[in-house]
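Each chain, letter by letter, is given below.
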Amino acid sequence: MRRTTVRSSPVHGRGVFALTRISAGDKLFEYRGRLISWKTAQSRYERSTAENGHTFFFDLGDGRVIDGAEGGNSARWVNHSCEPNCETEQYGIRVFFHALREIEPGEELFIDYRLHVEGRKTPALKAQYRCRCSARRCRGTLLARSGS
């Protein structure tokens, strides 16, 4: 039985939504896609015509990323929230999504992207990575807090 579905999101573009009740700690799915270098990812980003800053890259922290745009699955549509209901866990080059708390049917799934971008966090950069989550404690950006 399918536990999630992808549909239009009030937060941004498409999102992933629960079809059934999901318990805290449940493994939901793996982030899939083509394994590429950051150099290749940067080149793809520079050639992209997508909305500013919008990619399906998942950083593995070792100079490689998973490009969910190539061979990806529904996990690529999980949106950001400053108060997420899911988190990711990495095992080597595999990344899995887990529920942080009970999630009700119809609820959208979120992770905190905590994006890292080189250089100074200028107002223009922050605007490019503006958060749309509307959480009570929204920090206003998809970017990680300094030092995290």
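Basis of the calculations
- Residues numbered from 1 in each chain as written.
- Predicted model: local features only at pLDDT ≥ 70, side-chain atom pairs only at ≥ 80, totals over all residues.
- Heavy atoms only, no water.
- Pairing = 2+ DSSP bridges.
- Helix = DSSP H or I, 4+ residues; strand = E, 2+ residues; numbered from the N terminus.
- Axes fitted to C-alpha atoms, helices over the stretch in contact; angles between N-to-C directions.
- Phe/Tyr/Trp six-rings, centres within 6.5 Å; stacked < 30°, edge-to-face > 60°.
- Buried < 20%, exposed > 50% of the residue type's maximum accessible area, 1.4 Å probe, protein only.
- Contact = heavy atoms within 4.5 Å.

Caption draft 1: Seen up close, the sheet that holds strand β9 (residues 94-99). The strand order across the open sheet formed by 3 strands is β3-β9-β8, and the pairing between neighbours is antiparallel. The open sheet terminates on both sides in strands that have one partner only, identified here as β3 (27-31) and β8 (86-91). Direction aside, the axes of adjacent strands within the sheet are offset by 30 degrees on average. Pairing geometry for β8 and β9, over 6 bridges, is antiparallel. By the bridge assignment for β9, Cys 86 is matched with Ala 99.

Caption draft 2: Focus on the packing of aromatic side chains. All chains considered together, the criterion is met by 6 aromatic pairs. Ring centres 5.1 Å apart and planes at 55 degrees place the aromatic pair Phe 29 and Phe 97 in the tilted group. Placement of the pair is Phe 29 in strand β3 and Phe 97 in strand β9, with a sequence separation of 68 residues. Here the two residues Phe 29 and Phe 97 agree in accessibility, since each one is buried. Relative to Phe 58, the ring of Tyr 31 lies with its centre 5.2 Å away and its plane at 45 degrees, an arrangement referred to as tilted. Within this pair, whereas Tyr 31 is found in strand β3, its partner Phe 58 is found in strand β5 (residues 57-59), the two being separated by 27 residues in sequence.

Caption draft 3: Expanded view of the sheet that holds strand β4 (residues 34-37). Ordered in space as β4-β6-β5, the 3 strands form an open sheet in which the pairing is antiparallel. With partners counted over all chains shown, the strands left at the sheet margins are β4 and β5, one partner each. Neighbour-to-neighbour, the strand axes of this sheet turn through a mean angle of 35 degrees, independent of strand direction. In this structure, β4 lies alongside strand β6 (residues 64-67), joined through 4 bridges in antiparallel fashion. Among the inter-strand pairings, Ile 36 is bridged to a residue of β6, identified as Val 65. In the packing of helix α1 (residues 38-47) onto the sheet, contacts are made with β4, β5 and β6, and the angle to β4 comes to roughly 95 degrees.

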